[in-house]
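Okay, here's what each chain looks like letter by letter:
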Amino acid sequence: MPTANIVYWYGLKDMPRDGGGLRAIAWNDALTELGFKTSVHALRSVALGPSSKNLLRAIKKQLIPMPLASSLPLMAPADLNVVTVPAVFSSAVSMLDQSSLVFDWMDLWSVNALTMGRSSWMSRPGGIIQSKVWARRQRALVTRPAANIFAGYEDHESTEVTGSAPGFWIPTPISAAQRAWPQPTRAVRRVGFIGNFVYPPNVMSLKDFFDKYGRIFLDKGIEIYVAGFGSEVVTTWGVNATVLGKVESLAAFYGSIDAVIVPIDHGGGIKAKAVEAMAYGIPVYGTSHVASGFSPEWRRFIGDIDDLLRTGAITIPTPSKQEFSTIFSQAAFTAAVARVVDLVKPNV
């Protein structure tokens with residue numbers, strides 16, 4: 001039986017089921033289905049995760065938005081090595097056989113450093129410097145593995161340089177759900193945002209949204225519902241929003257709103273919350289940063305938040321379940337991974 005290693009921040013037991021966690025699980029499921037004996041290797045313990053209250057770590061993140069370079073964990077040799085955290089890409093190049101190596105760029109740290117650095121005056125200088133450093137590293141690193149995988153479509157296009165290894169856009173899969181409602185034509189009266197509020201880019205982006213749009217939405221008579229793990233923090237912001245906290249039923253949440261807002265301008269890759277809303281048949285309104293994660297033919301399913309203020313009516317189409325499944329299902333992800341495996345290890 002061929003073997004595969006997957007390197008991510010967390011192991012399967014502690015894997016958060018959102019964003020990058022969903023993607024790491026998708027890799028594990030795909031390779032297991034393809035006949036690999038698969039092991040997921042964690043770079044950090046839960047105690048050092050994003051919820052850590054360590055003061056020194058908090059100060060470091062203020063000054064240097066992105067993690068510094070680190071080393072691969074100890075792991076047994078494998079036929080295929082999928083490494084998903086840029087901090088250990090250089091270590092992987094020096095320690096692993098290039099013909100076995102796949103880099104999954106869940107996001108580009110040159111983008112993350114810049115956008116997350118904008119969160120405060122303290123982090124801005126470090127973000128600018130790190131962005132330049134990572135832009136240079138990316139140009140070198142994309143030439144080193146047997147294949148590069150990208151979660152965000154424009155991330156793929158922006159890293160094409162002479163000598164790049166073959167690159168593939170493989171978006172993070174989300175299970176298609178029963179439609180929360182038939183696609184309506186009524187005016188938007190209630191919008192919703194759901195996310196993990198332990199993840200800093202979500203908090204920073206939503207604060208920016210309320211600063212720019214909160215009063216305008218209120219004047220337009222559009223309610224804003226906020227939900228997700230840790231969303232109770234929004235009650236301390238002094239904004240006009242209904243805060244639901246962690247919800248037990250996604251279908252109930254999506255069925256209670258007219259449209260989803262994804263006002264994310266921080267981080268990179270593809271925004272799983274936009275994909276999830278599509279899975280439930282709910283119109284999505286976001287930023288150009290969100291739209292950049294999708295291929296051009298899929299950007300028609302992402303409206304601009306300003307459109308809600310101009311018309312107040314739902315005009316953004318939603319994909320059919322069949323359309324959605326052809327690109328965002330686990331089956332589609334596994335089929336794409338199979339093509340990469342054939343390229344990287346044709347004899348496995």
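Residues numbered from 1 in each chain as written. Predicted model: local features only at pLDDT ≥ 70, side-chain atom pairs only at ≥ 80, totals over all residues. Heavy atoms only, no water.

(A) Representation of the sheet that holds strand 7 (residues 190-194) in the model. Taken together, the 6 strands give an open sheet; going across it, the order is 9-8-7-10-11-12, and neighbouring strands pair in parallel fashion. Pairing within the sheet leaves two strands with one partner each, and these edge strands are strand 9 (242-245) and strand 12 (302-304). Taken over all neighbouring pairs, the strand axes of this sheet differ in orientation by 35° on average, direction set aside. By the bridge criterion, 3 bridges tie strand 11 (residues 284-286) to strand 12 in an arrangement that is parallel. Its bridge partner being in strand 12, Val-284 is matched across the sheet by Ile-302. Helix 7 (residues 200-219) contacts strand 7, strand 8 (223-227) and strand 10 (259-262) of the sheet and is inclined by roughly 165° relative to strand 8. (Pairing = 2+ DSSP bridges. Helix = DSSP H or I, 4+ residues; strand = E, 2+ residues; numbered from the N terminus. Axes fitted to C-alpha atoms, helices over the stretch in contact; angles between N-to-C directions. Contact = heavy atoms within 4.5 Å.)

(B) Structural detail: the packing of aromatic side chains. This structure, assessed with the given rule, holds 21 aromatic pairs. Taken together, Phe-209, Phe-210, Tyr-213, Phe-217 and Trp-237 form an aromatic cluster joined through their ring pairs. The ring of Trp-9 has Arg-44 sitting right over it, with the charged end atom 4.1 Å from the ring centre. Above the ring of Trp-134, the side-chain terminus of Arg-137 is found at 4.8 Å from the ring centroid. (Phe/Tyr/Trp six-rings, centres within 6.5 Å; stacked < 30°, edge-to-face > 60°. Lys NZ or Arg CZ within 6 Å of the ring centre and 35° of its normal.)

(C) Spatial organisation of the side chain of Thr-115. Mapped onto the elements, Thr-115 comes out in helix 4 (residues 109-117). Leave out the neighbours within four places in its chain, and Thr-115 touches Asp-265, His-266 and Gly-267.

(D) The sheet that holds strand 5 (residues 147-150), seen in detail. Strand order in the open sheet formed by 6 strands is 2-1-3-4-5-6, and the pairing between neighbours is parallel. Edge strands, defined here as strands with exactly one partner in the open sheet, are strand 2 (37-42) and strand 6 (167-169). Strand-to-strand twist of the sheet, defined as the mean angle between neighbouring strand axes without regard to direction, takes the value 20°. Note that strand 1 (residues 3-8) and strand 3 (residues 80-83) share 4 bridges and pair parallel. Within strand 3, the position partnered with Ala-4 by the bridge is Leu-80.

(E) Representation of the pattern of salt bridges in the model. Going through the model one piece at a time under the given rule, you end up with 5 salt bridges. Note that Glu-154 is salt-bridged to Arg-299, the shortest N-O span being 3.4 Å. With Glu-154 in helix 6 (residues 153-158) and Arg-299 in the loop between helix 10 (288-291) and strand 12, this residue pair connects regions lying 145 residues apart in the sequence. What makes Glu-154 partly exposed here is its relative accessible area of 35%. A relative accessible area of 25% places Arg-299 in the partly exposed class. (Salt bridge = Lys/Arg side-chain N within 4 Å of Asp/Glu carboxyl O. Buried < 20%, exposed > 50% of the residue type's maximum accessible area, 1.4 Å probe, protein only.)

(F) Spatial organisation of the pairing of strand 8. Where burial is concerned, most of strand 8 is hidden: 4 out of the 5 residues are buried. One crossover worth recording links strand 7 to the parallel strand 8 by way of helix 7, and it is right-handed. Relative to strand 9, strand 8 runs parallel, the two sharing 3 bridges. Paired with Val-226 across the strands is Val-243, a residue of strand 9. (Right-handed = clockwise from strand over helix to strand, strands pointing away.)

(G) Expanded view of the confidence of the model for the chain. In the predicted model, the chain carries a mean pLDDT of 89, and the fraction of residues at 70 or more is 91%. Of the regions scoring below 50 in pLDDT, residues 47-52 engages in 11 contacts with residues more than four places distant in sequence or in other chains. (pLDDT = per-residue confidence, 0-100.)

(H) How the structure looks around the packing of helix 4 against helix 5 (residues 124-141). As a packed pair, helix 4 and helix 5 sit with axes 7 Å apart at the nearest point and diverge in direction by 170°. Comparing their axes, helix 5 and helix 4 come out roughly antiparallel. Mapping the contact onto sequence places Trp-109, Ser-110, Ala-113, Leu-114 and Gly-117 in helix 4 and Arg-124, Gly-127, Ile-128, Gln-130, Ser-131, Trp-134, Ala-135 and Gln-138 in helix 5. Residues that form the contact of helix 4 with helix 5 fall into these classes: 6 nonpolar, 6 polar and 1 charged. (Parallel < 35°, antiparallel > 145°, perpendicular 65-115°, else oblique. Nonpolar A, V, L, I, M, F, W, Y, C, P; charged D, E, K, R; others polar.)

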